[in-house]
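Per-entry structural report
Given next are the chains, with one letter for each unit.
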Amino acid sequence: MVIAKRIQQSFKLDAYRLNYNAGQSIFPPGTSLPTSASSSSSGLCASIKKPDFGISSLSLGTLTHHTLPEKIRLAARHGFDGIEIFIPDFEDFVRQCGFGMHSQIVSEHVLAPSFEEGCASAISALCKEHSLKIHCLQPLRDFENIGDNAGLLNNALTKADRYLRIMKHLNTDLLLVCSNNLAPLSPLSLPGASYIKYRDAQVRALKELGLRASKLDLRVGYEPLAWGTVINTWEQVWDVVKRVNMDNVGVILDTFNSLANFYADPSKAYGVKDGMTIDKLYQYLGNIFDNIPPNKLFLLQVADAERVTENNTFQTSRNAPAKMKWSRTSRLFPCEENRGAYLPVQEYMRTIMDLGYTGPWSLEVFSSCLEDDKEDAPAILAQRGIESLEKLYSRIAYDV
């Protein structure tokens, strides 16, 4: 694969990527470091244009303690260009408005077709006031495992229609649809089930959603979660998107979900899959480069994660895969090696930028620290987030 080899030879693995904790390799004990990985030739991304920097509202603190307007103001104050609106954050904002909170924000929008849509218009106006773009509304969950059941499809589309209406008032054009953890029972274990049937049903459902979105000039982005029971890789998502074959239906990639699926293993003390090598990583990244056209990559989410320790691994339970537990508690902002970050995010990002992606870099970090109820907690998260993106951009743009 010529392109994959070209990317492989272009990467320069920095010392911090090859070592952690006094020289321990990023790869499991006993794996070798291929000579091709040590190339010192300059990277392909030496002159990339600085992208818009974004952050998901969920990554600025839990809704239990911090409101959506507070998060919007802090994102703008810390230099972000955009924000993803996390649906539970928005729904909590609507609930608060129903109790009379945020009256100064929503008062002029109460004549919208519905109270919820008026609240969406208020959030749009607040973001515009602070020069923030709304990169997407997310996530539409459970839009999966529909099969040939017309009732299930209708219910799923009814739920999606509500979000599409909200999006028009938010003034955002992208809806994030994610794959799902369907544990404890995989749909593929049922009599007569097969992956092909499951995939084809997903294609039909997304095509119908895409048609409804297109009537409103909206887009749908499909994201694989690393712990999805059936759909959990970019290859599967890209296969579905290709079969849908609509201009307004594309792929959303997340550095954490991609690398958590292919590269990491939080059930092991060193946090990396057995047998992982740099050549395998480069082949994986080269396959992304070779297959996904830049116009079909609708959004790039960015996060790293804390390396597990021998005394702090994650194991799968009946309803919760290990990677989901790890994701919910231990994500980090990129370049936070001082906090234990170790995934090859830079190598992934170099691939995506050389692919020709020109959209935002949007942080999506779940972590136990989001539960902090201190007043300054969101500001601390915003500062960590913007510093991490600035550092990541500097490393990639100048091939540091």
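Going by an unreviewed UniProt entry, the chain carries the name Xylose isomerase-like protein and comes from Wallemia mellicola.

Let us now look at empty space enclosed by the protein. In the structure shown here, the tally under the stated rule is 4 cavities of 30 Å³ or more. Volume-wise, the largest cavity comes out at about 110 Å³. If you go around the largest cavity, you meet 14 residues; those closest to its centre are P139, R141, L225, E364 and F366. Of all the elements in the fold, those that place two or more residues in the lining of the largest cavity are β3 (133–140) and β4 (174–178). Of the residues that constitute the lining of the largest cavity, the class distribution is 7 nonpolar, 2 polar and 5 charged.

So, about the packing of aromatic side chains. A complete count under the given rule lists 5 aromatic pairs for this structure. Taking the centre distance of 6.5 Å and the plane angle of 45° together, the rings of W326 and Y342 count as tilted. Placement of W326 in helix α12 (residues 322–330) and of Y342 in the loop between β9 (331–332) and α13 (345–355) is noted, with a sequence separation of 16 residues between them. Look at W326 and you get buried, because its relative accessible area is 0%. Y342 sits in the buried class, given a relative accessible area of 3%.

With respect to the helices and strands, the residue D304 is situated in strand β8 (residues 304–305). Polar contacts involving the side chain of D304 include one to the main-chain amide nitrogen of L343, which spans 3.0 Å.

On to the confidence of the model for the chain, then. This prediction gives the chain a mean pLDDT of 89; 88% of its residues lie at or above 70. Across residues 1–26, where pLDDT falls below 50, the model places 67 contacts with residues more than four positions away in sequence or in other chains. In the model, residues 28–44 has pLDDT below 50 throughout and makes 35 contacts with residues more than four positions away in sequence or in other chains.

Before going further, it helps to examine the pairing of strand β6 (residues 249–254). The element β6 is largely enclosed, with a buried count of 6 among its 6 residues. As paired strands, strand β5 (residues 219–223) and β6 are joined by 3 bridges and run parallel to one another. Within the sheet, the bridge partner assigned to V220 lies in β6 and is V249. Looking at chain direction, β6 and strand β7 (residues 297–302) are connected through 4 bridges and run parallel. Each residue of the ladder has a partner; that of D254, found in β7, is Q301.

With 4 of its 5 residues buried, β5 lies for the most part within the structure. By the bridge criterion, 5 bridges tie β4 to β5 in an arrangement that is parallel. Directly across from L175, in β5, lies its bridge partner V220. Running through helix α8 (residues 195–214), the crossover from β4 to the neighbouring parallel element β5 is right-handed. Considered for its hand, the β-α-β crossover made up of β5, helix α9 (residues 234–244) and β6 is right-handed.

It is worth spelling out the environment of K273 at this point. Structurally, K273 is set in the loop between α10 (255–262) and α11 (278–291). By relative accessible area, K273 is classed as partly exposed at 28%. Sequence-wise, K273 and A260 are 13 residues apart; in three dimensions their C-alpha atoms are separated by 9.6 Å. Among the polar contacts listed, one links the side chain of K273 to the backbone oxygen of N261, at a separation of 2.6 Å. Among the polar contacts made by the side chain of K273, one reaches the main-chain carbonyl oxygen of F262 at a distance of 3.5 Å.

Calculation notes
Residues numbered from 1 in each chain as written. Predicted model: local features only at pLDDT ≥ 70, side-chain atom pairs only at ≥ 80, totals over all residues. Heavy atoms only, no water. 1 Å grid on protein atoms, 1.4 Å probe; cavity = no way out; pocket = protein on both sides within 12 Å on 5 of 7 lines; lining within 4 Å. Points joined across faces, edges and corners; volume = space filled by probe spheres on them. Helix = DSSP H or I, 4+ residues; strand = E, 2+ residues; numbered from the N terminus. Nonpolar A, V, L, I, M, F, W, Y, C, P; charged D, E, K, R; others polar. Phe/Tyr/Trp six-rings, centres within 6.5 Å; stacked < 30°, edge-to-face > 60°. Buried < 20%, exposed > 50% of the residue type's maximum accessible area, 1.4 Å probe, protein only. Polar contact = N/O pair within 3.5 Å; in protein donor to acceptor, adjacent residues only side chain to side chain. pLDDT = per-residue confidence, 0-100. Contact = heavy atoms within 4.5 Å. Pairing = 2+ DSSP bridges. Right-handed = clockwise from strand over helix to strand, strands pointing away.

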